[in-house]
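Residue-level listing of the chains:
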Amino acid sequence: METMKDKTVLVTGGAQGIGKGLARACLSAGARVVITNLDRAIAAGTVSELSALGEIRAVRCDATDRAAVDALFDDIWATEGPVDLAFCNAGAGAMRPILETPIEDVHQQFAVNVDSALHLTQSLVPRLVDAGRGGHIMFTGSENSLVVPAGNVDLAMGIYGGTKHALLVIAEWLRHELRDTGVTVSVLMPGPVLTERLAATFDALAENPNDPTLRAIIPETAERILRERFISPDQCAEMALKGLSKGLFFIPTQAYIKEDVDARYREVSDAFNAMGLT
């Protein structure tokens, strides 16, 4: 996408965190932006904060509900016009060991992180194809889409990581399925981002670094690494638009992620060698 000027952009989960950064960046680049969020008050605050940058409005939409997603696109088409760029960003992640995570919680994380992405894609792409329009969908994945981040293994994010792995594979298949449609896809793969939630956790740890409840979630070693690696939502959004402008499918945001990817490649390559499959 060469320019954002006068484009219609949807950002799910756009009232906070990475989504808010994406909304701000797109507005600054001249786009019309629609954000979704389940909390109307938070969404209204974001619209008020960002409205000086351009045309923005919020719609409450539960993206795990296909009918709600269809209604969202009907609304946008009637109000702003066809969607040129959709950031499938709404997501959630609990921190709990895999063996201790109730299956209901597993299903919920996959519903929010994966089902919602499928609903958005299955609703948007046919509209674009039927109208003879191109477009782009960017999925917010994670460094967990590629690999278990070194130093973060104590964060108990296995189920979350599974959802982000799933997003990457789905996007890779979509890239193939959509090759003749004019609709393209990409995956944003950030490491730690200093969202409101993470900032609040850091503030709580600063006030009480020995809080047993917080330390059960974020051990000291993991906290140190997170603090060293995090970027702001605006920095993450800047990298997202940079990757989009370059036509990239994989869009990483922090240099250290490559070290983890290289380590995984070496281990996989060594396994082929050990099996004599060279």
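Engineer: Help me understand the overall build of the chain, please; the structure alone is not making it clear to me.
Structural biologist: When its secondary structure is counted, the chain shows ten helices and seven strands. With the C-alpha coordinates of the chain rotated into their principal frame, the extents come out at 55 × 50 × 35 Å. Looking at the chain residue by residue over its 278 residues, the buried ones come to 45%. Pairs at least 24 apart in sequence give 71% of the contacts found in the chain among residues at least 6 apart. Carbon and sulfur atoms form 55% of the exposed surface of the chain, whose accessible area is close to 13700 Å². Put simply, the chain has 25 plus and 36 minus side-chain charges, and the middle of one group is 4 Å from the middle of the other.

Engineer: Hey, could you run me through helix H5 (residues 158–177) in this one?
Structural biologist: Each full turn of the α-helix corresponds to 3.6 residues, which orients residues three or four apart in the same direction. Helix length check: H5 (20 residues) gives 29 Å between terminal C-alpha atoms against 28 Å at 1.5 Å per residue, within 8%. Tucked into the core, H5 has its buried residues touching helix H4 (103–130), strand E5 (135–140), strand E6 (183–189) and strand E7 (250–252).

Engineer: Sorry, what's going on with the layout of surface pockets here?
Structural biologist: Taken as a whole, the largest pocket holds about 1400 Å³ of empty space. Taken together, 48 residues make up the lining of the largest pocket; nearest its centre are Gly 91, Ala 92, Gly 93, Thr 195 and Arg 197. Elements with a contribution of two residues or more to the lining of the largest pocket: helix H1 (17–28), H4, H5, helix H6 (196–207) and helix H7 (212–217). With four residues, the single largest contributor to the lining of the largest pocket is H6. Tallied by class, the residues present in the lining of the largest pocket amount to 21 nonpolar, 21 polar and six charged.

Engineer: What's the story with H4 in this structure? I'm lost.
Structural biologist: In this model, H4 (28 residues) spans 39 Å end to end at C-alpha, consistent with the 40 Å of a helix rising 1.5 Å per residue. The principal kink in H4, of about 40°, is found at Ala 111. Two residues or fewer after H4 comes Gly 132, characterised by a positive phi angle close to 70°.

Engineer: I would appreciate a short explanation of the packing of H1 against helix H9 (residues 233–245) in the present structure.
Structural biologist: The axes of two packed helices give the description: the angle between them and the distance between them. For the pair H1 and H9, interaxial distance at closest approach is 8 Å and the crossing angle is 60°. In terms of their interaxial angle, H1 and H9 are classed as oblique. Crossing handedness for the pair H1 and H9: right-handed. Residue-level contacts link Gly 17, Ile 18, Gly 21, Leu 22, Arg 24, Ala 25 and Cys 26 of H1 to Pro 233, Asp 234, Cys 236, Ala 237, Ala 240 and Leu 241 of H9.

Parameters at a glance
Residues numbered from 1 in each chain as written. Predicted model: local features only at pLDDT ≥ 70, side-chain atom pairs only at ≥ 80, totals over all residues. Heavy atoms only, no water. Helix = DSSP H or I, 4+ residues; strand = E, 2+ residues; numbered from the N terminus. Buried < 20%, exposed > 50% of the residue type's maximum accessible area, 1.4 Å probe, protein only. Contact = heavy atoms within 4.5 Å. Areas by Shrake-Rupley, 256 points an atom, 1.4 Å probe, with all protein chains shown as cover. Lys, Arg positive; Asp, Glu negative; His and termini not counted. Charge placed at Lys NZ, Arg CZ, Asp CG, Glu CD. Expected span 1.5 Å × (residues − 1). 1 Å grid on protein atoms, 1.4 Å probe; cavity = no way out; pocket = protein on both sides within 12 Å on 5 of 7 lines; lining within 4 Å. Points joined across faces, edges and corners; volume = space filled by probe spheres on them. Nonpolar A, V, L, I, M, F, W, Y, C, P; charged D, E, K, R; others polar. Bend = angle between axes of the 7 residues up to and from the residue. Axes fitted to C-alpha atoms, helices over the stretch in contact; angles between N-to-C directions. Parallel < 35°, antiparallel > 145°, perpendicular 65-115°, else oblique. Left-handed = near helix turned anticlockwise from the far one by under 90°.

Honestly, it's all geometry; don't read function into it.
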